[in-house]
Amino acid sequence: EDAELFWGMRGAGPALAVATSITLRAHAVGGWRHARAVEPFEAAGLQRGGAELLCEKEAILRTLPPGQTVDLAVGWARGWSEVERSAEQVVVGFFAASAGDTNLSAAACQALGLPPAATFEHCKVASSLPPFNLQPKCAVASALQAAHHHTYVRQCFVEELGVSGWSTVGAAAASMPSRLSSIMMQHGGGSVRTSGKGGGEGRGAFACRAWELSVVIVAEWAGEEEEKRRENVAWADSLWEALQPVTTGLYPVDIDRFVRPASNQWEVRQAFGVRPTCRAEQGSARVLMSS
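Remember, predicted model here, so these are calculated numbers, not experimental data.

**Q** Would you mind going over the overall build of the chain in detail, with residue names and values included?
**A** A count of helices and strands for the chain gives 8 helices and 8 strands. For the chain, the residues scored as buried account for 45% of the 291 residues in total. Of all intrachain contacts in the chain linking residues separated by at least 6 positions in sequence, the fraction that spans at least 24 positions is 74%. Carbon and sulfur atoms make up 55% of the accessible area of the chain, which totals about 15700 Å².

As C-alpha cells, this is what we get:
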C-alpha cells in the first residue's frame, strides 16, 4: 500500500511532493571556470597544525556566493604533478569552480592557495574532482575492474568538520592501507543555502540543506587477495564511523556503481530519523538485494 510514496521518500526525504504542474525558468550559465591547488602535508602534520589550517580554509567555503564552489580531495601524492612524490606526503587538493563570468574573490583565492581568478580555465562541465573528471563514472568503474582494481565507498554529510574532524581525516589519510584510496569532499553549501528571491534567509531551494560537505570515502586497491579487501574495507568503515559525531545525514541509497556494505540499516535509520517506518527499511533492503 502506497509503495510508490515510500520509494520516493528513500531518495527525496523531506523534498518529496506530488506535483500537479511545473514551470521551469532556464538561466544561461555560460560554462564554468576551473582552477586547482594542491597543498602537501607531512602525514603526521595533517593531524596537528594542519588540521587547524584546514579548519580555517573550511570556514571560507561557507562564505562563497552562489555559483562558486570548492571541492576538496585528500590522498597521497600519487598522480599529483604539482608536488614531489613522497612516501611520507599527504596532499589536500582544492578544486574551485565558478559559474559563468563569476570569479572567486582575490581574498578567497589567496586564502585557499588558488591561482588568481583571472587565470581560471574555461570548461563546459562543473565536475573537477579527480579521478572522475574525464570519464563517466560507470566507465571508470569498468576500467578499474578490468585492471583488477577494486573500490569500496562510504558517504556522509557534514555541516562542519572542525579541528577534530580534520584530525580524524588526517589520521585516516596517514593510515590508508592502499595509497590509491582518497577522501573526497564535495562542496554543496556556501551562501546559496541562505539566498533566494528577495534575499530572505530560507527562501532558496537549498535552504533545507543541513550540510556543507558531502564526504565520500573511496577505498581503492589493486589485487585479488582477500586480506587486501578486508583491510581496505575496514579502513573505510572505520573512518565513516569516526566521522559520525559530526555527521548530519547521508544518502540512504547507493550513489555510485561501487560495492557497498552488505547492510545499510544504520544508514537508513540516520537518513530517515530515529524511528523510520518498517516499510522504509523493507524497501531499502529489497533494493539492496536486487542491486
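Still more to cover.
**Q** I'd like a description of the sheet that holds strand S8 (residues 247-249), backed by residues and values.
**A** Here we have 8 strands laid out as an open sheet, ordered S4-S1-S3-S2-S6-S7-S5-S8, and antiparallel in their pairing. Each edge of the sheet is formed by a strand with only one pairing partner; in this case those strands are strand S4 (121-123) and S8. Each adjacent strand pair in this sheet contributes to an overall mean axis angle of 35°, direction not counted. Of the strand pairs in this sheet, strand S2 (residues 68-76) and strand S3 (residues 89-99) are connected by 9 bridges, and their pairing is antiparallel. Within the sheet, the bridge partner assigned to Trp 76 lies in S3 and is Val 90. Packing against the sheet, helix H2 (residues 49-61) makes contact with strand S1 (32-42), S2, S3, strand S6 (182-187) and strand S7 (213-222), and its axis sits at approximately 165° to S1. Packing of helix H5 (residues 162-174) onto the sheet brings it into contact with S2, S3 and S6, and relative to S2 it is tilted by some 40°.

**Q** Kindly report on the nonpolar core, identifying the contributing residues and their values.
**A** Grouped together as the largest cluster of nonpolar side chains are 49 residues, with contacts concentrated most on Val 74, Trp 166, Ile 183, Met 185, Trp 235 and Leu 243. Once you skip the residues sitting within four places of it in the chain, Leu 243 turns out to touch Cys 156, Leu 161, Gly 165, Thr 168, Val 169, Val 215 and Ile 217.

**Q** I'd like a description of the pairing of S3, backed by residues and values.
**A** The element S3 is largely enclosed, with a buried count of 11 among its 11 residues. The two faces of S3 match: Gln 89, Val 91, Gly 93, Phe 95, Ala 97 and Ala 99 on one face and Val 90, Val 92, Phe 94, Ala 96 and Ser 98 on the other face are all buried. With 11 bridges connecting them, S1 and S3 associate as antiparallel partners. Opposite Val 38, over in S3, you have Gly 93 as the bridge partner.

**Q** I'd like a description of the packing of aromatic side chains, backed by residues and values.
**A** Considering all chains together, one arrives at 1 aromatic pair under this definition. Seen in terms of ring centroids, Phe 157 and Trp 211 are 4.5 Å apart; in terms of plane orientation they differ by 25°. Their pairing is stacked. Of the two residues, Phe 157 is situated in strand S5 (residues 149-158) and Trp 211 in the loop between S6 and S7; the sequence distance between them amounts to 54 residues. Looking at Phe 157, the relative accessible area reads 8%, which means it is buried. Here Trp 211 falls in the buried class, since its relative accessible area comes to 14%. Note that Lys 57 overlies the ring of Phe 94, its terminal NZ or CZ placed 5.4 Å from the centroid.

**Q** Lay out H5 with the relevant residues and their values.
**A** Under the 1.5 Å per step criterion, the end-to-end length of H5 is 18 Å for 13 residues, consistent within 8% with the ideal 18 Å. Turning to H5, its buried residues are Gly 162, Gly 165, Trp 166, Ser 167, Val 169, Gly 170, Ala 172 and Ala 173. Turning to H5, the residues buried within the fold contact H2, S2, S3, S6 and helix H6 (226-242).

**Q** Lay out the environment of Leu 114 with the relevant residues and their values.
**A** On the secondary structure map, Leu 114 appears in the loop between helix H3 (106-112) and S4. Remark: the alpha-carbon pair of Leu 114 and Val 38, spanning 76 residues in sequence, is separated by 8.7 Å. What Leu 114 contacts, discounting residues up to four positions off in sequence, is Ala 35, Arg 36, Ala 37, Phe 94, Ala 96, Leu 104 and Cys 109.

**Q** Describe the confidence of the model for the chain, naming the residues involved and giving the relevant values.
**A** A low pLDDT score tells you not to read the predicted coordinates there in detail. Averaged over all residues, the pLDDT of the chain equals 75, while 65% of them reach at least 70. Here helix H4 (residues 137-146) is the element of the chain with the lowest mean pLDDT, 49, and H6 is the one with the highest, 93. Here residues 127-141 is a poorly scored stretch, pLDDT under 50, and it has 24 contacts once near neighbours within four places are set aside; other chains count. Note that residues 197-203 has pLDDT below 50 and, in this model, 8 contacts with residues that lie over four places away or in other chains.

Reading the values: the criteria
Residues numbered from 1 in each chain as written. Predicted model: local features only at pLDDT ≥ 70, side-chain atom pairs only at ≥ 80, totals over all residues. Heavy atoms only, no water. Helix = DSSP H or I, 4+ residues; strand = E, 2+ residues; numbered from the N terminus. Buried < 20%, exposed > 50% of the residue type's maximum accessible area, 1.4 Å probe, protein only. Contact = heavy atoms within 4.5 Å. Areas by Shrake-Rupley, 256 points an atom, 1.4 Å probe, with all protein chains shown as cover. Pairing = 2+ DSSP bridges. Axes fitted to C-alpha atoms, helices over the stretch in contact; angles between N-to-C directions. Core = buried A, V, L, I, M, F, W, Y, C linked by side-chain atoms within 4.5 Å. Phe/Tyr/Trp six-rings, centres within 6.5 Å; stacked < 30°, edge-to-face > 60°. Lys NZ or Arg CZ within 6 Å of the ring centre and 35° of its normal. Expected span 1.5 Å × (residues − 1). pLDDT = per-residue confidence, 0-100.

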